[in-house]
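# Descriptive analysis of the structure
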Amino acid sequence: MAFELPALPYSTDALEPHIDSMTMTIHHGKHHAGYTNKLNAAIEGTDLEGKSIEDILKNLDMNNGAVRNNGGGYYNHDLFWKVMSPNGGGAPTGDVAAAIDESFGSYDAFKEKFAAAAGTRFGSGWAWLCVHPGGKLEICSTPNQDNPMMPGIGCEGTPIMGLDVWEHAYYLKYQNRRPDYVQAFFNVINWDEVNSRYAASK
């Protein structure tokens, strides 16, 4: 079966004022849809057809640019929508809160390190919170549509939260002020979703 564009789990204006409706409409309906369609075209008639996106990315031939870029784009955005919520923000709770304290010292220290990963990624890419076997967390960033599940990326845990820092994710509202967009993201993080992904991945 071909991959389908996942529906947003909320309306396009639900994350206002932190992420604007126009950006969400274009980001989901044009960019994510484009990655979905191009991924399907790239795997059609190959041995990748019918496999899960996780299986495709974990065993990816990194020289296959079409699957690398569009498979990453498909997966990364699907995760991105889910780790945000109109009822999100605030400090984390549950097991992931304890893991953040253990791995980074405090939530404020986590925010500083995550914001640095997102803010210093040159050009387009993503900032990630990953979990390693046993529960230790790591923050890293990747270029373009790469993600930590891909071979040899260097941050090889399971991604449980990602922030898109391509200009199309923020430029309509924030122009060149990426740090403002990164800070706005902390107001919409769906910690329940991140917690459930942490529990499933550690």
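Scope of this entry: the structure provided in the associated data block. Please read these numbers as outputs of a predicted model, since none were measured by experiment. (Residues numbered from 1 in each chain as written. Predicted model: local features only at pLDDT ≥ 70, side-chain atom pairs only at ≥ 80, totals over all residues. Heavy atoms only, no water.)

Before going further, it helps to examine the packing of aromatic side chains. For the coordinates displayed, the defined rule picks out 15 aromatic pairs. Residues Tyr107 and Trp191 carry aromatic rings whose centres are separated by 6.0 Å and whose planes lie at 80° to one another, so their mutual orientation is edge-to-face. Here Tyr107, found in helix 5 (residues 107-120), pairs with Trp191, found in helix 8 (residues 191-201); they are 84 residues apart in sequence, far enough to count as distant. Each member of the pair Tyr107 and Trp191 is classed as buried. With a centroid separation of 6.4 Å and an interplanar angle of 50°, the aromatic rings of Phe185 and Phe186 are classed as tilted. Like Phe186, Phe185 is buried. Here a set of aromatic residues connected by ring pairs shows up, and it is made of Phe80, Trp81, Phe104, Tyr107, Phe110, Phe114, Trp126, Trp128, Phe185, Phe186 and Trp191. Above the plane of the ring of Phe186 lies Lys111, whose end atom (NZ or CZ) is 5.2 Å from the centre. Seen from the ring of Tyr174, Lys173 lies directly overhead, with NZ or CZ sitting 5.6 Å from the centre. (Phe/Tyr/Trp six-rings, centres within 6.5 Å; stacked < 30°, edge-to-face > 60°. Helix = DSSP H or I, 4+ residues; strand = E, 2+ residues; numbered from the N terminus. Buried < 20%, exposed > 50% of the residue type's maximum accessible area, 1.4 Å probe, protein only. Lys NZ or Arg CZ within 6 Å of the ring centre and 35° of its normal.)

So, about unusual backbone geometry. Each neighbour pair has its own omega, and for Glu16 with Pro17 the value is 0°, a cis peptide bond. Its place among the elements puts Pro17 in the segment before helix 1 (21-43). Its identity is not glycine, yet Asn144 carries a phi of approximately 55°, on the positive side. Take Asn144: its relative accessible area is 39%, and that puts it in the partly exposed class.

Attention shifts here to the pairing of strand 1 (residues 125-131). Counting buried positions along strand 1 gives seven out of seven residues, so the element sits mostly inside the fold. By the alternation rule, side chains of strand 1 split into Gly125, Ala127, Leu129 and Val131 and Trp126, Trp128 and Cys130, which are all buried. Direction of pairing for strand 1 relative to strand 2 (residues 137-143): antiparallel, over a ladder of seven bridges. The residue bridging Gly125 from the neighbouring strand is Pro143, located in strand 2. Between the end of strand 1 and the start of strand 2, which pair antiparallel, lie five residues, with Gly134 showing a positive phi angle near 100°. (Pairing = 2+ DSSP bridges.)

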